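Coordinate analysis (summary)
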Amino acid sequence: MLRQIEGSRAVAQTVALCRPEVVCAYPISPQTHIIEALGEMVKKGELSPCEFINVESEFAAMSVAIGASAAGARAFTATASQGLLFMMEAVYNAGGLGLPIVMTLANRAVGAPINIWNDHSDAMAARDAGWVQLFAETIQESADLHIQAFRLAEELSVPVMVCMDGFILTHATEQVDLPSQALVDSFLPPYEPRQVLDPAEPYSIGAMVGPEAFEEVRYLAHARQLTALGRIGELGAEFAETFGRDSGGLVHPYRSADADVIVVAMGSVLGTIKDVVDEQRDAGLRIGALGITSFRPFPIDAVRSALGSARHVVVLEKAFSVGFGGVLSTDVAMALSGLPVSVSTVVAGLGGRPITKVSLRGVFEAALRGESERLTFLDLNVALVERELERMALQRRSGPTAENMLRDLGVVASRIG
């Protein structure tokens, strides 16, 4: 059924179609509308049997999800940014225990300084926690990926994180095809847990493991990810056959078959990238794009196959490793190891800064000319940075960096009196 609907509401209604039995979360922007909508449905009796559990923190939300999943319930939660960091101990526990929890991550910048807008810093912080991480390009894909996430999580007993760009996707309104309950039921069978706590057969989970077995336990988390790598593509194909549209999968090439330069990215920025690619193709320039849906597990073979014939690869990413550079680009470079393909990193959109077609056009044209730098910060205000560096060099008590720069920009008063 086609509906004009906000992204968060589309996700909430799709999650409801997946018949969760426990929903628990603590509100944090830009995830809140998802949980609000599910809470309304539970309160009205529209989602039954399902228990909505109010908790006092994000750590408690993931802890409740772990308990519910271990007890044999289909569990769902959602978070963003600092909320993910607050629950991180429990996030690692869920990954290590192999519990099939599904979580929406409404991607948002991580402070300090505090910032509520979109980038991918939060997801990157959890990339090694043992969760599958799937990135959505559109609102439609955000909804569709949740159906596949529950199926994947429960088949393999592995937690799955669906990453959708905060505000850009969560709060935008578009036409979305919401499937029928019968169609979702035909794709997603009832939950049958691989491991469940049963008073009739008591045992413990998450107990202490020493050096004699810890490496093997961690390897099994890796093995589940490798198994997921094969199933993600298969489930994407099955989803397309059942629902009549292409959502999910590992990677999505766009006009890249004969491209000299291919731009790699994840999430909603791919829409703008594709527009620029179309413009440059019309101008006779051989450029293409590659969208990565599955960040964890990382599809090395699929990425190598899609990019191996290019002369240069530009990785546009909305996060970076402080003191080093690109995160996604490191994985891409490893996938291309041994091939005559150069890789450059463009960090863009941090803290919600707009990524414009004009700026992208300049980056792509530089790559086509062979003039790309190894690491670029798109639209960086160099003068503002240099002014603060000079201040820090001249004054021992130079003050808080963020507030100094805001004062330089005339955005906000940072001093009282």
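Computed from a prediction, not measured in an experiment: that's the story for all the values here.

In terms of helices and strands, the protein chain carries 15 helices and 15 strands. Against the globule reference of 22 Å for 417 residues, the protein chain gives a C-alpha radius of gyration of 22 Å, in line with a compact fold. The dimensions of the protein chain, computed from C-alpha atoms along their principal axes, are 65 × 60 × 55 Å. A total accessible area of about 18,700 Å² is found for the protein chain, and carbon and sulfur atoms account for 55% of it.

Attention shifts here to the packing of helix α3 (residues 58-70) against helix α5 (residues 88-97). At a closest axis distance of 8 Å, the pairing of α3 and α5 adopts a crossing angle of 20°. When the axes of α3 and α5 are compared, the pair comes out roughly parallel. Crossing geometry of α3 relative to α5 is assigned as left-handed. Residue-level contacts link F59, M62, S63 and I66 of α3 to E89, A90, V91, N93, A94 and L97 of α5. Split into classes, the residues belonging to the contact of α3 with α5 amount to 7 nonpolar, 2 polar and 1 charged.

This next bit is on the domain arrangement of the protein chain. The domains assigned to the protein chain are domain 1 (2-243), domain 2 (251-377) and domain 3 (384-417). Each side of the interface is counted separately: domain 1 has 26 residues, and domain 2 has 23 residues. Interface of domain 1 and domain 2: buried area, both sides summed, is about 1,800 Å²; carbon and sulfur atoms make up 59% of it. Here K274 ties to E137 by a salt bridge, and the two come within 3.1 Å at their closest N and O atoms. At the surface where domain 1 touches domain 2, the tally comes to 10 residue pairs in polar contact (both at pLDDT 80 or more). Listing elements by their share of the side of domain 1 that touches domain 2, those giving two or more residues are α6 (121-125), β6 (132-135), α7 (139-156) and α9 (214-243). Residue classes in the side of domain 1 that touches domain 2 are distributed as 14 nonpolar, 6 polar and 6 charged.

Another point: the environment of V251. Relative to the elements of secondary structure, V251 occurs in strand β9 (residues 251-254). On the basis of relative accessible area, V251 is assigned to the buried category, the value being 18%. In this view, V251 contacts L290, G291, I292, T293, P299, A302 and V303; residues no more than four positions away in its chain are not counted.

Okay, the packing of helix α11 (residues 300-307) against helix α12 (residues 328-335) next. For the pair α11 and α12, interaxial distance at closest approach is 8 Å and the crossing angle is 75°. Judged by the inter-axis angle, α11 sits roughly perpendicular to α12. Facing α11, whose interface residues are I300, V303, R304 and L307, α12 presents V332, M334 and A335.

On to the sheet that holds β9, then. The strand order across the open sheet formed by 6 strands is β9-β11-β10-β13-β14-β15, and the pairing between neighbours is mixed. Strands with a single pairing partner mark the edges of an open sheet, and in this sheet they are β9 and β15 (375-377). Each adjacent strand pair in this sheet contributes to an overall mean axis angle of 20°, direction not counted. Bridging between β9 and strand β11 (residues 287-292) involves 4 bridges; their strand directions are antiparallel. Following the sheet pairing, H252 is matched in β11 by G291. The strands touched by helix α10 (residues 269-282) are β9, β10 (261-265), β11 and β13 (312-317); relative to β11, the strand with the most contacts, the crossing angle is about 165°.

Under the counting rule described, the total for this entry stands at 20 salt bridges. With its nearest N and O atoms 3.8 Å apart, the salt bridge here joins D260 to R286. Taken together, the residues D260 in the loop between β9 and β10 and R286 in the loop between α10 and β11 connect sequence positions 26 residues apart.

Across the junction of S48 and P49, the peptide omega takes the value 0°, indicating a cis bond. Mapped onto the fold, P49 is located in the loop between α2 (32-43) and β3 (51-54). Across the junction of G111 and A112, the peptide omega takes the value 10°, indicating a cis bond. Relative to the helices and strands, A112 resides in the loop between β5 (102-107) and α6. One non-glycine residue, S157, adopts positive backbone phi at about 55°. If you trace the backbone, S157 turns up in the loop between α7 and β7 (160-165). Even without being glycine, F167 reaches a positive phi, approximately 65°. On the secondary structure map, F167 appears in the loop between β7 and β8 (173-177). By relative accessible area, F167 is classed as partly exposed at 26%.

Calculation rules
- Residues numbered from 1 in each chain as written.
- Predicted model: local features only at pLDDT ≥ 70, side-chain atom pairs only at ≥ 80, totals over all residues.
- Heavy atoms only, no water.
- Helix = DSSP H or I, 4+ residues; strand = E, 2+ residues; numbered from the N terminus.
- Rg over C-alpha atoms; globule rule 2.2 N^0.38 Å.
- Areas by Shrake-Rupley, 256 points an atom, 1.4 Å probe, with all protein chains shown as cover.
- Axes fitted to C-alpha atoms, helices over the stretch in contact; angles between N-to-C directions.
- Parallel < 35°, antiparallel > 145°, perpendicular 65-115°, else oblique.
- Left-handed = near helix turned anticlockwise from the far one by under 90°.
- Contact = heavy atoms within 4.5 Å.
- Nonpolar A, V, L, I, M, F, W, Y, C, P; charged D, E, K, R; others polar.
- Domains from an automatic or database assignment.
- Buried area = accessible area lost by both parts, 1.4 Å probe.
- Salt bridge = Lys/Arg side-chain N within 4 Å of Asp/Glu carboxyl O.
- Polar contact = N/O pair within 3.5 Å; in protein donor to acceptor, adjacent residues only side chain to side chain.
- Buried < 20%, exposed > 50% of the residue type's maximum accessible area, 1.4 Å probe, protein only.
- Pairing = 2+ DSSP bridges.

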